[in-house]
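# Notes for the structure review
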Amino acid sequence: MNVRIAAFSDTHGNLPALDAVLEDMSRQGPFDHVLMAGDLVEGGPHPAETMATIRALNCPVVLGNTDSYLTAGPDIGMSDDERASSGWTAERIGPDGLAYLRSLPRQYHLPGPAGGILMVHANPDNLEDHIHPDEDARALEERLSGVQAGVLVFGHLHIAYQRRLGPLLLVDVASVGFPRDGDHRAVWAEIYHDDMGWHARHHRVVYDMEAVAVTLEQCGMPNGKKRAKVLRQARYKHK
Ligand SMILES: [Mn+2]
């Protein structure tokens, strides 16, 4: 059975990046399904517009950690950076936007060949712990032993990769809005099934990142300057 899916994640309120990804998807399409793995609005300059665009897709969306911070209020898992901007973001998406985030499930299973696709934000157990690309295979197999699917799709780490773990294909679709793998381009993943099984391919899309960084500095978001730095850096800082 041949199936084609387009998956994206971690838009974090970066509308120009999302628009570029959706344009690229429609060029590469058609797809049978579109999937979104959470962290929709927090940390970028266009939370309301980004959410409206995602909602208009009418596609399955799962809850991300920063989505849950917005609805649950300050959380112990929140970074100082996220705490500073979450009030500003919540104000922009309003009660209706918060209600939408509250309605999101933590997992979504798309039925399909070889068990189909399981989508989560960070991992199947919680919204915080990363699945790193170099995690020990045996430990990871044990961690993911409950997964009954052919593909596990997630985001959260903001580093695009795929990995085979026995019969399971792991696809970190990474981040549309704030990549952290050193590549400034927005990213999404095509996931498809053919006679040979499940496969994935990441697509990188150029957009005007610098314009978004300048908007972040000027939009009045607390910590906007710091978020602009994160966007321009596109890497985890190792101190
Ligand atoms: Mn996240």
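Residues numbered from 1 in each chain as written. Predicted model: local features only at pLDDT ≥ 70, side-chain atom pairs only at ≥ 80, totals over all residues.

## Quick word on the overall build of the protein chain
Looking only at helices and strands, the protein chain has seven helices and nine strands in total. Computed over the C-alpha atoms, the radius of gyration of the protein chain is 17 Å, within 12% of the 18 Å expected from 2.2 N^0.38 for a compact globule of 239 residues. On the principal axes, the C-alpha backbone points of the protein chain span a range of 50 × 40 × 35 Å. Counting the 239 residues in the protein chain, one finds 44% classified as buried. Taking all contacts inside the protein chain whose residues are at least 6 apart in sequence as the whole, residues at least 24 apart take part in 68%. (Helix = DSSP H or I, 4+ residues; strand = E, 2+ residues; numbered from the N terminus. Rg over C-alpha atoms; globule rule 2.2 N^0.38 Å. Buried ≥ 20, exposed ≤ 12 C-beta atoms within 10 Å, placed from the backbone. Contact = placed C-beta atoms within 7 Å.)

## Considering unusual backbone geometry
The omega torsion across G29 and P30 is 5 degrees, close enough to zero to call that bond cis. Located in the positive-phi region is D10, a residue other than glycine, with phi close to 50 degrees. For D10, a count of 31 C-beta atoms within 10 Å puts it in the buried group. Unlike most non-glycine residues, N223 shows phi in positive territory, near 75 degrees. Take N223: it is sitting in the loop between α6 (209-218) and α7 (224-233).

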